[in-house]
Amino acid sequence: MAKERSQAIKQAVKERYATLARRQTSCCPTPQIREGEGMYSRKELQDLPQNVAEFSLGCGNPTAIAELREGETVLDLGSGGGIDCFLAAQKVGKKGRVIGVDMTPEMVFLARENTRKMGLANVEFRLGEMEHLPLEANSVDVIISNCVINLAPDKDAVFKEALRVLKPGGRLCISDIVLKRELSLEVKEDMQQWTGCVAGALKGKIYLGKIARAGFVQVTAQDNSPREKSEASPVPGRLRDYISSVNVSARKPSVSG
Amino acid sequence: MKKELMEILACPVCKGPLELTVEEEDEREIVKGSLYCGHCSERYPIEDTIPNLLPPGLRT
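Residues numbered from 1 in each chain as written. Chains lettered and ligands numbered in written order. Predicted model: local features only at pLDDT ≥ 70, side-chain atom pairs only at ≥ 80, totals over all residues. Heavy atoms only, no water.

Peer 1: Help me out: how do you make sense of the overall build of chain B in this one?
Peer 2: A count of helical and extended segments in chain B gives zero helices and four strands. Order of helices (α) and strands (β) in chain B, N terminus to C terminus: β-β-β-β. Here the C-alpha radius of gyration of chain B, 11 Å, is about what a compact globule of 60 residues would show, namely 10 Å. Oriented by its inertia axes, the alpha-carbon framework of chain B measures out at about 30 × 25 × 15 Å. Across chain B, contacts joining residues at least 24 apart in sequence account for 28% of those joining residues at least 6 apart. (Helix = DSSP H or I, 4+ residues; strand = E, 2+ residues; numbered from the N terminus. Rg over C-alpha atoms; globule rule 2.2 N^0.38 Å. Contact = heavy atoms within 4.5 Å.)

What follows is the structure, given as structure tokens:
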């Protein structure tokens, strides 16, 4: 992808999410489902401050599939208002730590305010880009991400960086939007569609292929969309023929020998 | 930003180590300061407790 277009997409995404952070509204065109199968449990939402529980821009619940253990270091790519970081922080406990990276200043400030409100000492947020992570190699146990990587113009760079910062044997646990069928060129060219999580999405097979090519092993995906069309879904009705929400797990190879 | 995090922070461009300068801190964390990468000759600001580690071209 041409560098200019890639920069233009990033700028559009940044502006869009800055507005969402200011208004604390969702990115999806229909009221979003936060609770239920594949999403957050009622208990998880009840334990969070109301504005945190109500402001989630994700399409899954990555900490539920990550099987986090006490003391682990977790990195959230595109941490937004911080909901997944806060859930992760409860799971890794005082000896663990959670780092949220987001490229939108408004989101990082919002997440920091939320952290203060909750009095959490093991969560930190920084401004950064997932294609250029400001972390040392082999420093993180688990990477989570919720409906963000689809927004990145260069997904190969994102997965390469994820692999670099993970410790050997470290896990990648992400929820994201993938395409069931190709979108028209018109839709793909539309910046608004891109920032609404659609135009940047790839077909599932291609998405998983990129993860494997980056060097991850045990790459698995599970459809997180409800079986029945009538059921509550993080994917708005008119888009369900085109996109689905998936949970993806993969592992960085352990050092051999 | 908490000082302990220096252990795993790296320059987003060259991934080299960063040098911390503290201008203001409270009992919990560094409020204002900067992170300097000697290899890239690039200074990343810490403002209002948040380190800005976006690559130089993306900082606005």
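Peer 1: Where do I start with the pattern of salt bridges in this structure?
Peer 2: Any two side chains of opposite charge can pair, so long as their charged atoms come close to each other. For the coordinates displayed, the defined rule picks out 17 salt bridges over all chains. Where E44 of chain A meets K91 of chain A, a salt bridge forms, and the shortest distance between an N and an O atom there is 3.6 Å. Taken as a pair, E44 of chain A in helix 2 (residues 42–46) and K91 of chain A in helix 5 (residues 83–92) lie far apart in primary sequence, 47 residues in all. Two residues, E113 of chain A and R112 of chain A, come together in a salt bridge whose shortest N-O distance is 2.7 Å. A relative accessible area of 10% places R112 of chain A in the buried class. One salt-bridge network, in which partners are shared between bridges, spans R112, E113 and R116 of chain A together with D48 of chain B. (Salt bridge = Lys/Arg side-chain N within 4 Å of Asp/Glu carboxyl O. Buried < 20%, exposed > 50% of the residue type's maximum accessible area, 1.4 Å probe, protein only.)

Peer 1: Just to check I follow, could you spell out the interface of chain B and chain A for this structure?
Peer 2: A common measure of how large an interface is: the accessible area buried when the components associate. Contacts between the two partners involve 23 residues from chain B and, on the opposite side, 26 residues from chain A. Both faces considered, chain B and chain A share a buried interface measuring about 2200 Å² in area, 56% of it formed by carbon and sulfur atoms. When the buried surface of chain B facing chain A is broken down by residue, I8, I50 and L58 of chain B rank first, second and third, together holding 29% of it. Counting every contact that joins chain B to chain A gives three salt bridges. Here K15 of chain B ties to E161 of chain A by a salt bridge, and the two come within 2.7 Å at their closest N and O atoms. Across the chain B-chain A interface, the total number found is twelve residue pairs in polar contact (both at pLDDT 80 or more). Across the side of chain B that touches chain A, the residue classes break down as 13 nonpolar, three polar and seven charged. (Buried area = accessible area lost by both parts, 1.4 Å probe. Polar contact = N/O pair within 3.5 Å; in protein donor to acceptor, adjacent residues only side chain to side chain. Nonpolar A, V, L, I, M, F, W, Y, C, P; charged D, E, K, R; others polar.)

Peer 1: Could you clarify how one ought to interpret the sheet that holds strand 3 (residues 42–47) of chain B in this entry?
Peer 2: Hydrogen bonds between backbone groups are what pair the strands of a sheet, and the pairing can be parallel or antiparallel. All names here are of chain B. Pairing within the open sheet is antiparallel, and its four strands lie in the order 1-2-3-4. Each edge of the sheet is formed by a strand with only one pairing partner; in this case those strands are strand 1 (19–25) and strand 4 (50–51). Direction of pairing for strand 2 (residues 30–37) relative to strand 3: antiparallel, over a ladder of five bridges. Bridging from a neighbouring strand, Y36 pairs with R43 of strand 3. (Pairing = 2+ DSSP bridges.)

Peer 1: Quick question: what am I supposed to make of the packing of aromatic side chains here?
Peer 2: Each aromatic ring pair is described using two quantities: the centre-to-centre distance and the angle formed by the ring planes. All names here are of chain A. Counted by the stated rule, this structure contains two aromatic pairs over all chains. With 6.0 Å between their ring centres and 75° between their planes, F86 and F125 make a pair best called edge-to-face. Taken together, the residues span a long stretch of sequence, with F86 in helix 5 and F125 in strand 3 (residues 123–127) at a distance of 39 residues. Looking at F86, the relative accessible area reads 0%, which means it is buried. (Phe/Tyr/Trp six-rings, centres within 6.5 Å; stacked < 30°, edge-to-face > 60°.)

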